[in-house]
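# Coordinate inspection notes
Read off the chains here:
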Amino acid sequence: MPSKTIAVGYPDFNLHTLGWKAFQDICITVLQNQLGQAVQLFSPVHDGGRDGAFEGDWTPSEGLNLTGSTIVQCKFTNKASANLTKSAFSDEIAKARLLWEAQSRQNYVLITNLRVTGAFEASMRESFKEFGCDHFHAFGVEWLSSAIQQSPKLRMLVPRLYGLGDLSQILDERWYDQTEALLEAERENLSKFVPTTAYKQAVKALNENGFVLLLGEPAVGKTAIAGTLTLASGDAWQCKPLKLEHAHQLRERWNPHERQLLWIDDAFGALQYESSRAHEWNAVLPTLEAALKQGSKVILTSRDYVYRRARPNLKTGTFPLLNESQVVVDVSELSSDEREQILYNHVRMGNQSVDWRNQFKEHFDLVAQHPDFRPEIARRLGNKAFTKNLGINPAEIGNFVENPEAFLRDTIDGISDDDRTSLAAILLRGGALHSSVEFQEDEVKILARMGGTTAGITANLTSLNGSFVSFVTGEIPIWAFKHPTIGDAFIGLIADNPELLDMYIHGASIEKLMSQVTCGDVGLENSRLIVPKSRFDLVISRINAPPPEELPGWEARWYRERRKIHFLATRCSKEFLEQYIRATPPFWDRILRFGSYLSAIAEFDLLVTLAEYDLLSTSRREAIVQQVKHLAVHTPDSDFLSAFRIRRFFSDAEIEDIMDHVRDHLLPALDDTVQFFKSNYASGEDPNSHYGALVDALEAYETYFRDLGESTKSLWGIIAEVNEHIDDSVAEIQDQMEYEFAHANIDEDELDEEEEEEEEEQRRIFDDIDA
């Protein structure tokens, strides 16, 4: 708690840029957390003083030891570095006199973002004593700034503060250095961020579980919430923040000897569900659980329709937090105040002229309360690049909100050829264009179809920075789309133009090509780039091309091959697969050499698709069943029973044949199987990860035989033995490894604010948007 005496050189949080409503909200939070008062809400009364008022009994606190009835006044100015004078405060003195005449009170507390001098406070004490006020206290910008600087908890409650001040004055030097690259990418978003109910729920989930999955439609603010939490993590939880691209990086980047916050955006696919990602997550769930146990925190985001497709393939039983620690970001649940504050922040802090804001002023309520409002709509309205052709009238504004992608496509279509070519360059490089890029000859020809040249791409991107694109610093600085919906809209332009579609097939990275196109219409939700039969040969030539020599290591090559198989399994029509198989002679030899576990390997996913398309010969089907029989005993792998999509591959007769093989060859040798698992267990290894698949298989087999009426007593005995060994191993690990990471939890109860109904005339948040 800062004292009333503040040293020269307090940090500057640019509080004058907040607007009266956001400043008022900060004052509420300060009263609750710094002065210990249960203040719930200021009344936005229209008294011309740009302030609010609260009246109640003051509870004595360390910050200010008062008792009795108290008036708290909030005074905001949009001028930087201004002093509060007696003449500027004369209206408030007159109002206070009337309040005291109506009812005697003891205290008057003023909180302001103006500078308060000792002479002003002394003068006010004398003026207020004249009508019976015992105590007058003024807290100015110096005190507020020091309170913010000293309280990580306060900054987490009002995360927008991270984007307004000099963070090197706020954060511990070590955390600042680790967060700096992320800050550069997210700073602009932070300065406009509004802590919505979904944000507060996410804070609660991270406090209680260390994990949160943010779900929602496109453009509703999932990434903004995740980015804000990630950047605040070093300050509030002493976590080193890391942004990852794929689940498999969790194993590579997680450090068990330090606290980390790991953030993965679009965890299960960017535009559509990518089944390979679900399998990746299943493989790293034990690592994820171990990271959480040792004090790290994890944030995942996903579009809701992508997660719906992924969920049946995720082992939520192994990691129940996928179900228990979800936060759905639903714009229909944004309160009226939240919508208005989001819109206000983006427009007030954007680059629109004062004249434009003044002309638009009467329409902001229409936008904020529109049923199709999205935070991304607010961002675009705040940037003049997106409103050049927008008429300021209800009809055009309504269309802007209702049809954002169509309007965005028209906007992109209307920018210069060179600017549009620069956006195409980002798309060609999979959404991440290295800042020092040199284009190959074929790429130059492809980009020329957009009408521009590659000569001035860096300069063009610099001019588009902050509107259509962002420059992201880090180990490898890149240019990326400012928001995923800009990439969506650009893809929409390409999909409507066959010549541009050829450009995309030729130029996009293999990974991006396999995650965004479908070859033929396979019914994928939100599928945008559907390659017609006439272009199948182009796709086949791209995905069958040898990987570049610079692709690092066998793991990267293996990962690309697996992505290709998942692409064939989930994004390709029967006609395409027939053409692909004819063009790829080694196909069958490659695809029939599969191992365990069936639900985690790409090959079997493709075999199921081939069976559904009736593209498996009898002999190949028999070979597949024989391999599954072998794996059912020697792994043992029971996914043919428990994984729904895989179970559909087999006939009842084939299942019976496999289980007869299990009865005859696995059950008599169960002791040897369990001993093999025990002998391969390394001390300190996660026992649930090591034994989990064995227990799952034995339980699946026990259920099958029990349903047939057979005795399963011996199986249950083996299962109990394995579980006992797991418990012993867990106890051993806990004895050997002691990590003393204390959880610096935030009291989420203090995030809640109850609304009070006011009979007085309400001030509009947009009153000063053109100031």
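Keep in mind that this is a model prediction, so the values were computed, not measured.

## Remarks on the pairing of strand E9 (residues 326-329)
The alternating pattern of E9 places Val 327 and Val 329 on a buried face and Gln 326 and Val 328 on a face that is not buried. With 4 bridges connecting them, strand E5 (residues 211-216) and E9 associate as parallel partners. Considered in E9, the bridge of Leu 213 is made with Gln 326.

## So, the environment of Arg 590
You can see Arg 590 is positioned in helix H28 (residues 587-591). Between the alpha carbons of Arg 590 and Glu 603 there is a distance of 8.7 Å; along the sequence they are 13 residues apart. With residues near it in sequence (within four places) discarded, Arg 590 still touches Glu 561, Ile 565 and Glu 603.

## Remarks on the state of the cysteines
This model, assessed by the stated rule, comprises 0 disulfides. In this model Cys 519 remains outside any disulfide bridge; the closest cysteine sulfur is found in Cys 572, 4.6 Å from its own.

## Looking at empty space enclosed by the protein
Any empty space left between atoms is shown by rolling a water-sized probe over those atoms. On inspection of all chains with the given rule, the structure shows 2 cavities of 30 Å³ or more. One number sums up the size of the largest cavity: a volume of about 60 Å³. For the lining of the largest cavity, the per-class residue count stands at 3 nonpolar, 5 polar and 3 charged. Volume-wise, the second largest cavity comes out at about 30 Å³.

## As for the nonpolar core
Membership of the largest hydrophobic core comes to 103 residues, with the highest contact counts inside it found for Phe 468, Phe 604 and Phe 640. Of all the elements, helix H35 (residues 687-707) adds the most residues to this core, at 8 residues. Setting aside anything within four residues of it in sequence, one finds Phe 468 in contact with Ala 385, Phe 386, Leu 408, Thr 411, Ile 412, Ile 415, Leu 423, Ala 480, Phe 481, Lys 482 and Ile 486. Membership of the second largest hydrophobic core comes to 28 residues, among which are Leu 285, Leu 288, Leu 321 and Leu 322.

## Observations regarding the packing of helix H19 (residues 417-428) against helix H22 (residues 484-495)
It is at 11 Å that the axes of H19 and H22 come closest, and there the two elements cross at 100 degrees. Classed by the angle they form, the pair H19 and H22 counts as roughly perpendicular. Across the interface between the two elements, Arg 420, Leu 423, Ala 424 and Leu 427 from H19 touch Phe 490, Ile 491 and Ile 494 from H22. Among the residues forming the contact of H19 with H22, the class breakdown is 6 nonpolar, no polar and 1 charged.

## What about the sheet that holds strand E11 (residues 469-472)?
Spatially, 3 strands are ordered E10-E12-E11 in an open sheet, and the strand pairing comes out antiparallel. Strands with a single pairing partner mark the edges of an open sheet, and in this sheet they are strand E10 (433-434) and E11. Here E11 runs beside strand E12 (residues 478-481); their pairing, made up of 4 bridges, is antiparallel. Residue pairing in the sheet places Val 472 in a bridge with Ile 478 of E12. Helix-sheet contacts for helix H21 (residues 457-464) involve E10, E11 and E12, and the interaxial angle to E12 is about 50 degrees.

Criteria and cut-off values
- Residues numbered from 1 in each chain as written.
- Predicted model: local features only at pLDDT ≥ 70, side-chain atom pairs only at ≥ 80, totals over all residues.
- Heavy atoms only, no water.
- Buried < 20%, exposed > 50% of the residue type's maximum accessible area, 1.4 Å probe, protein only.
- Helix = DSSP H or I, 4+ residues; strand = E, 2+ residues; numbered from the N terminus.
- Pairing = 2+ DSSP bridges.
- Contact = heavy atoms within 4.5 Å.
- Disulfide = S-S within 2.5 Å.
- 1 Å grid on protein atoms, 1.4 Å probe; cavity = no way out; pocket = protein on both sides within 12 Å on 5 of 7 lines; lining within 4 Å.
- Points joined across faces, edges and corners; volume = space filled by probe spheres on them.
- Nonpolar A, V, L, I, M, F, W, Y, C, P; charged D, E, K, R; others polar.
- Core = buried A, V, L, I, M, F, W, Y, C linked by side-chain atoms within 4.5 Å.
- Axes fitted to C-alpha atoms, helices over the stretch in contact; angles between N-to-C directions.
- Parallel < 35°, antiparallel > 145°, perpendicular 65-115°, else oblique.

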